[in-house]
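Understanding the architecture of this molecule
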Amino acid sequence: MTDYAKLDAWIDAHFDEEVQFLQQLVQVPTDTPPGNNAPHAERTAELLKDFGLDAEKHAVPAQEVKDYGLESITNLIVRRTYGNGGRTVALNAHGDVVPPGEGWTHDPYGGEIVDGSLYGRAAAVSKSDFASFTFALRALEAVAKPTQGSIELHFTYDEEFGGILGPGWLLEKGLTKPDLMIAAGFSYEVVTAHNGCLQMEVTVHGKMAHAAVPTTGIDALQGATKILNALYAQNTLYQKVTSKVEGITHPYLNVGRIEGGTNTNVVPGKVVFKLDRRMIPEENPVEVEANIRQVIADAAAESAGITVEIKRMLLANSMKPLAGNKPLVDAIQKHGGELFGEPIKAMGTPLYTDVRLYVEAGIPGVIYGAGPRTVLESHAKRSDERVVLEDLRRATKVVARTLSDLLA
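In this report, the structure presented in the accompanying data block is examined. Given the structure is predicted, the values throughout are model-derived calculations rather than measurements.

Our focus in this paragraph is the side chain of Thr 176. Inspection of the secondary structure puts Thr 176 in the loop between helix H6 (167-172) and strand E7 (180-183). Of the polar contacts made by the side chain of Thr 176, one reaches the side chain of Glu 152; its length is 2.6 Å. Residue contacts for Thr 176: discarding those within four places in its chain leaves Glu 152, His 154, Leu 170 and Leu 171.

So, about the sheet that holds strand E5 (residues 117-119). Here three strands make up an open sheet; going across it, the order is E4-E5-E17 and the pairing antiparallel. In this open sheet, the two edge strands, each paired with only one partner strand, are strand E4 (113-114) and strand E17 (386-388). Examined bridge by bridge, E5 and E17 share three bridges and lie antiparallel to one another. Looking at the pairing, Ser 117 lines up with Val 388 of E17. Across the sheet, helix H2 (residues 15-26) lies against E4, E5 and E17, angled at about 20° from E5, the strand it touches most.

Assignment of secondary structure puts Ala 38 in helix H3 (residues 38-50). On the accessibility criterion, Ala 38 (16% relative accessible area) is buried. In this structure the C-alpha to C-alpha distance between Ala 38 and Lys 397, which are 359 residues apart in sequence, comes to 29 Å.

Take the environment of Gly 305 next. Tracing the backbone shows Gly 305 in the loop between helix H8 (285-300) and strand E14 (307-316). Considering only alpha carbons, one finds Gly 305 and Ala 331, 26 residues apart in sequence, at a separation of 60 Å. If sequence neighbours within four positions are ignored, Gly 305 has contacts with His 205 and Ile 218.

Spanning 13 residues, H3 covers 19 Å between terminal C-alpha atoms, matching the ideal 18 Å at 1.5 Å per step. All of the buried residues along H3 are Ala 38, His 40, Ala 41, Thr 44, Ala 45, Leu 47 and Leu 48. Of the surrounding elements, those touching the buried residues of H3 are H2, strand E1 (56-59), strand E2 (74-83), helix H5 (127-144) and strand E6 (149-156). With its phi angle positive at about 80°, Gly 52 sits one or two positions after the end of H3.

Contact pair helix H7 (residues 220-238) / H8: the axes reach a minimum separation of 8 Å and the direction vectors enclose 140°. Overall, the two elements H7 and H8 adopt an arrangement that is oblique. Between H7 and H8 lies a crossing of right-handed hand. Across the interface between the two elements, Lys 226, Ile 227, Ala 230, Leu 231, Gln 234 and Tyr 238 of H7 pack against Asn 291, Ile 292, Val 295, Ile 296, Ala 299 and Ala 300 of H8. Broken down by class, the residue content of the contact of H7 with H8 amounts to nine nonpolar, two polar and one charged.

So, on to the pairing of E7. Residue alternation in E7 divides its side chains into two sets, Leu 180 and Ile 182 and Met 181 and Ala 183, and both sets are buried. The pairing of strand E3 (residues 88-94) with E7 spans four bridges and is parallel. Across the sheet, residue Asn 92 finds its bridge partner in E7, namely Ala 183. Across three bridges, the pairing between E7 and strand E16 (residues 365-367) is parallel. Residue pairing for E16: Ile 182 is matched across the bridge by Val 366.

For the rest of this paragraph, the subject is the sheet that holds strand E9 (residues 196-205). The sheet built from four strands is open, its strands ordered E11-E13-E9-E14 with antiparallel pairing. Because the sheet does not close on itself, it has two edges, and the strands there are strand E11 (252-260) and E14. Each neighbouring strand pair of the sheet contributes to a mean axis angle of 15°, computed without reference to strand direction. As paired elements, E9 and E14 share nine bridges and run antiparallel to each other. For Met 200, the partnering residue across the bridge sits in E14 and is Arg 312. Set on the sheet, H7 makes contact with E9, E11, strand E13 (270-279) and E14; between it and E13 the angle comes to about 10°.

Procedures and definitions
- Residues numbered from 1 in each chain as written.
- Predicted model: local features only at pLDDT ≥ 70, side-chain atom pairs only at ≥ 80, totals over all residues.
- Heavy atoms only, no water.
- Helix = DSSP H or I, 4+ residues; strand = E, 2+ residues; numbered from the N terminus.
- Polar contact = N/O pair within 3.5 Å; in protein donor to acceptor, adjacent residues only side chain to side chain.
- Contact = heavy atoms within 4.5 Å.
- Pairing = 2+ DSSP bridges.
- Axes fitted to C-alpha atoms, helices over the stretch in contact; angles between N-to-C directions.
- Buried < 20%, exposed > 50% of the residue type's maximum accessible area, 1.4 Å probe, protein only.
- Expected span 1.5 Å × (residues − 1).
- Parallel < 35°, antiparallel > 145°, perpendicular 65-115°, else oblique.
- Left-handed = near helix turned anticlockwise from the far one by under 90°.
- Nonpolar A, V, L, I, M, F, W, Y, C, P; charged D, E, K, R; others polar.

That's the geometry; what it means functionally is another story.
Below is the structure:
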């Protein structure tokens, strides 16, 4: 029996244990906001200890976390060294996740299994890869018994807010510097590039007045409406800007939250909205932000008395492939093709992820993990998020085989 077959057999033999591990991870909420994620890190470390894996706990200082708008962050690193020489390969997955929202037909923290899928918030993105990466590592050590190189598991808690206090914090503090890395995935493909993201909070100021005498006030909502119309008009222009990266189409803009006014009989004196601008890899983030600010300023100038404040909430650069990622891509395509029975493409994705922070630090990386075929199928960030257990099983095998190749 080849090492690959032995790895597969070990994963099959321990798959029920892997599923139970994922269920226990899903059952500890990590809604961000509010972002009280240290308890999940503590629980994860306990579960890893049961497998003989010691997790270093790296707590981000409380004031830093509070200033950032969250409650607690403890990032975990598991280091396994097998001998001198060879590569250090890091596997990163994030535990923080958006709140469940409405419309669920399954308990978002239940980890229920129905018709071969495990349901729960973060079941797919990306607690499933806490499981796939952990059990790939365990299989490797049980079967392949590497004699050189090392593997690190990075379980972090700041992807939803941009990663600065997750992988960014670990890298900045010099706590890790791997040679290669794989970040949690969400499709069958191996992802080598992704969009950037600019998020901004726009506050439109007018002047409150009684609705019976509206001329004594300045309607902030009318001013905001002109600004919003101008921003939405940009989406039509963005469709003419296309990316050369397969899997990525064109830039786009979304306004995801809006609030304002005090009562139905009061002219609104303030309106606040938050926008998300996705940037294709070919775009310059500085130019994109300058353009958005100009569009807002021009539209605001059309309403007398309206003033605007703009605050940047997040700037996540796009991920561009580093030449050194070839061993990762080759191994994942080879084993993914064999185990999934179809070609595994190397392509881009319109999402943004933590992996960009590793790439910006000069560490070649890719995105790969427990499917499904598309983000839409996973219901990520929607109700009834789920992971197909057979996808989890096969992805674990792909990662275990890939690690075996990289440490050979």
